[in-house]
Amino acid sequence: MKHFTSIHDVTDLHALLTEAAEIKRDPFKYETFGRHRTMGLLFFNSSLRTRLSTQKAAQNLGMNTMVLNVNEDSWKIETEFGVVMNGDKAEHIKEAAAVIGKYCDVIGIRSFPSLKDREADYSESVINRFIRYAGVPVVSMESATRHPLQSFADVITIEQYKKTPRPKVLLAWAPHCRALPQSVPNSFVEWAVAAGYETVVTHPEGYELDPSFTTGAVIEYDREKAYKDADFVYAKNWSSYTQYGKILNNDLAWTCNAKNMALTRHAKFMHCLPVRRNLVVSDEVIDSPDSIVIEEAANRVVAAQTVLREILKEQNG
Amino acid sequence: MKHFTSIHDVTDLHALLTEAAEIKRDPFKYETFGRHRTMGLLFFNSSLRTRLSTQKAAQNLGMNTMVLNVNEDSWKIETEFGVVMNGDKAEHIKEAAAVIGKYCDVIGIRSFPSLKDREADYSESVINRFIRYAGVPVVSMESATRHPLQSFADVITIEQYKKTPRPKVLLAWAPHCRALPQSVPNSFVEWAVAAGYETVVTHPEGYELDPSFTTGAVIEYDREKAYKDADFVYAKNWSSYTQYGKILNNDLAWTCNAKNMALTRHAKFMHCLPVRRNLVVSDEVIDSPDSIVIEEAANRVVAAQTVLREILKEQNG
Amino acid sequence: MKHFTSIHDVTDLHALLTEAAEIKRDPFKYETFGRHRTMGLLFFNSSLRTRLSTQKAAQNLGMNTMVLNVNEDSWKIETEFGVVMNGDKAEHIKEAAAVIGKYCDVIGIRSFPSLKDREADYSESVINRFIRYAGVPVVSMESATRHPLQSFADVITIEQYKKTPRPKVLLAWAPHCRALPQSVPNSFVEWAVAAGYETVVTHPEGYELDPSFTTGAVIEYDREKAYKDADFVYAKNWSSYTQYGKILNNDLAWTCNAKNMALTRHAKFMHCLPVRRNLVVSDEVIDSPDSIVIEEAANRVVAAQTVLREILKEQNG
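Residues numbered from 1 in each chain as written. Chains lettered and ligands numbered in written order. Predicted model: local features only at pLDDT ≥ 70, side-chain atom pairs only at ≥ 80, totals over all residues. Heavy atoms only, no water.

Turning our eyes to something else, we now look at unusual backbone geometry. The step from Leu273 of chain B to Pro274 of chain B runs through a cis peptide bond, and the omega angle for that step is 0°. Secondary-structure assignment places Pro274 of chain B in the loop between β11 (268-270) and α12 (283-286). Look at Glu124 of chain A: it is not a glycine, yet its phi comes out positive at around 50°. Residue placement: Glu124 of chain A occurs in the loop between α5 (118-122) and α6 (125-134). Judged by relative accessible area, Glu124 of chain A falls into the buried class, the value being 10%. (Helix = DSSP H or I, 4+ residues; strand = E, 2+ residues; numbered from the N terminus. Buried < 20%, exposed > 50% of the residue type's maximum accessible area, 1.4 Å probe, protein only.)

Further remarks concern the packing of helix α4 (residues 93-103) of chain A against helix α2 (residues 49-60) of chain C. Their axes nearest at 10 Å, the elements α4 of chain A and α2 of chain C cross at an angle of 10°. Compared by their axis directions, α4 of chain A and α2 of chain C come out roughly parallel. Contacts between α4 of chain A and α2 of chain C involve Val99, Ile100, Lys102 and Tyr103 of chain A from the first element and Arg49, Leu52, Ser53 and Lys56 of chain C from the second. Partitioned by chemical class, the residues of the contact of α4 of chain A with α2 of chain C number four nonpolar, one polar and three charged. (Axes fitted to C-alpha atoms, helices over the stretch in contact; angles between N-to-C directions. Parallel < 35°, antiparallel > 145°, perpendicular 65-115°, else oblique. Contact = heavy atoms within 4.5 Å. Nonpolar A, V, L, I, M, F, W, Y, C, P; charged D, E, K, R; others polar.)

Between helix α13 (residues 293-316) of chain B and helix α4 (residues 93-103) of chain C, whose axes approach to 9 Å, the crossing angle comes to 35°. Judged by the twist between their axes, the crossing of α13 of chain B over α4 of chain C is right-handed. The segment α13 of chain B lies against α4 of chain C, with Ile294, Glu295, Ala297, Ala298, Arg300 and Val301 of chain B engaging Glu95, Ala98, Val99, Lys102 and Tyr103 of chain C. (Left-handed = near helix turned anticlockwise from the far one by under 90°.)

As a further point, take the pattern of salt bridges. Applying the stated criterion across every chain, the model contains 57 salt bridges over all chains. Note that Glu159 of chain B and Lys162 of chain B form a salt bridge whose closest N and O atoms lie 3.2 Å from each other. Given the relative accessible area of 30%, Glu159 of chain B is considered partly exposed. We note a salt bridge from Arg277 of chain C to Asp283 of chain C, for which the minimum N-O separation is 2.8 Å. Exposure class is identical for Arg277 of chain C and Asp283 of chain C. Each is buried. When salt bridges that share partners are traced, they join Lys94 and Glu95 of chain A together with Arg277, Asp283 and Asp287 of chain C into one network. (Salt bridge = Lys/Arg side-chain N within 4 Å of Asp/Glu carboxyl O.)

In this section: the environment of Arg300 of chain B. As for its placement among the helices and strands, Arg300 of chain B is situated in helix α13. In sequence terms Arg300 of chain B and Gln150 of chain B are 150 residues apart; their C-alpha atoms lie 6.5 Å from each other. Apart from the residues lying within four places of it in its own chain, the contact partners of Arg300 of chain B are Arg49, Thr50, Ser53, His147, Leu149, Gln150 and Ala153 of chain B together with Tyr103 of chain C.

Before going further, it helps to spend a moment on the relation of the copies chain A and chain C. Rotating chain A by 120° about the axis while translating it 0.0 Å along that axis superimposes it on chain C, leaving an RMSD of 0.0 Å. Such a combination of turn and shift is consistent with a three-fold rotation axis. (Least-squares fit on C-alpha atoms with pLDDT ≥ 70 in both.)

Okay, the packing of aromatic side chains next. Under the counting rule described, the total for this entry stands at 33 aromatic pairs over all chains. Taken together, a centroid distance of 6.2 Å and an interplanar angle of 80° make the contact between Tyr122 of chain A and Tyr244 of chain A edge-to-face. Here the residue Tyr122 of chain A occupies a position in helix α5, and Tyr244 of chain A occupies one in the loop between β10 (232-236) and α10 (258-261), the gap between them amounting to 122 residues. The same class applies to Tyr122 of chain A as to Tyr244 of chain A, namely buried. When the centroid spacing of 6.5 Å and the interplanar angle of 85° are considered together, the rings of Tyr241 of chain B and Tyr244 of chain B count as edge-to-face. (Phe/Tyr/Trp six-rings, centres within 6.5 Å; stacked < 30°, edge-to-face > 60°.)

Let us now look at helix α2 (residues 49-60) of chain A. Residues and elements named next belong to chain A. Compared with the 16 Å implied by 1.5 Å per residue over 12 residues, the 16 Å span of α2 between its first and last C-alpha is a close match. Looking only at α2, the buried set comprises Arg49, Thr50, Arg51, Leu52, Ser53, Thr54, Gln55, Lys56, Ala57, Ala58, Gln59 and Asn60. The positive-phi residue at the C-terminal boundary of α2 is Gly62, with phi of around 80°. (Expected span 1.5 Å × (residues − 1).)

In this section: the domain arrangement of chain A. All names here are of chain A. Partitioning chain A into domains gives domain 1 (7-146 + 299-316) and domain 2 (150-296). Contact with domain 1, which involves 27 residues of that partner, is made by 31 residues of domain 2. Buried area between domain 1 and domain 2, summed over both chains or domains, comes out near 2400 Å², and the portion from carbon and sulfur atoms is 63%. A per-residue breakdown of the area domain 1 buries against domain 2 is headed by Leu115, Tyr122 and Asn299, which together make up 28% of the total. (Domains from an automatic or database assignment. Buried area = accessible area lost by both parts, 1.4 Å probe.)

As structure tokens, this is what we get:
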């Protein structure tokens, strides 16, 4: 594995899941594998799980870690080309990426979308320019359009809990007070489909995801039909892709609550966290024994460690 | 030791002080004791000594450390239950604590009081909810009502300098330009009494601490009488507990100055730092050979390392 | 080496460059040299290269590292003496330095000038007071008037690329939209002269550096004459020293562009970064094969590691 920005960087998901299970059993099995290697974690945005789990994953492999809050600790980054840099951005991404690539053997990057300019966001300029100029492997710690370490952890979690070979996995839109990225849903659908699950997405009209991410999934506007007999419900808000970045709906009937969950086959409740209680999910559901959000978060270390090990394998040759 | 939030978590202070002395002599004696263990340091507030000394203590034991400025690095935390989370708080403490507990073997938390709602502050909701939901040991790095790592370091320091078996230890209120918590004085009195010192507290009327913390100490309103023959003077400002969070007095006669110190038995000067010079203490006093504030701060590493070792002992079984 | 704040701390630059070359060849040769040692990195200002390269240098030597953004993570620092501390500064530099000196075996400090009060800036109060009160070696990670780790890396880089024993090295002023410190140019000239290069400085009238830094260098106001036959061009903006902190000139003819570079002997282009493209340097020049800015930044690790090793040598005795 050279870089890790989406499911498309995974050649054999089944093999990767087997490795993940092995790492979960024995997190320190490869504790010298990353010796003399440094992972840089660059945050353009807030992070809790990703920040801690990726750091820990690298440390479990014996890597050194350096964390940088780019905008606060260093300089605002210019990502456009050919401009006269006389504004508030002090450093160009070409230099920033190339320099950090000299200090780090692997670079993790978190960069949210603007939710204002769809074309710009979906071009993934930040992570793609880092890949182009850093000269070392780049790991997405959530980019404008995907959150692959989260999705990998999600699949690890489903594998752990599933009772049938091909569970029905529902991605269920839920209301939220702020406009959120489509990265988690985009990415989740890609991975769920790749894992071979019966993947269903439900949302109000206007919340259709970019169809290039939902190939192989069923879009079901009838929420009750969607929840019916689901084995896993992944609740998640996202803002509109078609009316880009807009909030079109606040209907609390879409909250993942006991009424909706009653339609399922005792589905496990999933969410990437952080989650707005009683907006995205009711207390009742997230506090129930069927809620597996904490284990899902715990698997973020497993996912990151498995990915880093793949990358180090390639580097170690 | 399961958690460390106050003197009440210490079963044998004498034994703990013996261990501290041993760790002070040889800081690297247990340098592999925390191998494969991660300490998370969560800061809801500013910190210099605690941040560096606790990190160093964990590193001296061979632990990995991860530092998180909660509000800046991650998400604002909701601590109330049953609320609809449609405000500025993106994550509930139940999830935050449980998730961090999956990534860390020990969690250190710094969380100051609001100084607005006494009942809320004294309920210690942040640290208590972390204890309830994290599933791993929690170490207070200063909570709303106590600063036990500081107090432990204070007692280590007094043991180091005392010339009589039962020194007279004075906690002397001093003026300040801002409203400060009662955590350091509350905690100091508890530890000084537990250590068997003759413990005296002096302050203007209206600055009475919560009496549940001062059992065993003498409250002496007459400042001169209080300073008289003291062996140690711990100067400290705090805001009013009775008129909660208020500043009632700015009288510079309460500054720990040469005139007050002249009444003592060549008392050592102590303060937890940071200290406002010429407000809480005069330059003359803090710069004198009897000032032991730097050694006191140095002992923060010893205190934290001793506590972490106790916790790891229990974890290692 | 006791402290490292300027070329004056280097007794034998030639020997230091030989060591640097050795460390560059084998970065992990001394990987246990700093065992049980902690480096504290204190930032009063933004940093990318310095932050990451110095951390990495310390880690390559087996040191533990602790990073502190002083103003954000801890308390604002009072540097004046004798004041009543009733403003926004909660801690005095005397205590801050002494305490950090108890937690760290080496302290790195970044502290920019105000660019308002020349005398205060050039007195280097922050770093000098840390040296005075910390009790441990202090390494400048850029102070008000110098950036010696950068300059050392610059000389390492020139040694790597030079084709003649005594290359012509030009420090060329360039325009900028903000008022910048003189630290990089001051320091670069000192090191270039000490390294024995033919050192030329060119700038518009009014941008004369403090002459105590430019001894041994030629000041050439005629820009074309200055660029003529240069082997290395170090472009850099700085604000006026004589009209302290002022921007006197915005003439884009001073931008390091292809026209200026055409006068040189195929000069290598250098800059400390971050650099404002198309203001300080044209895209054409920085993107050309003669641009060595990334290698120059990479050498920051080598410079820091060599300096830290010298300091540890002295500590290890």
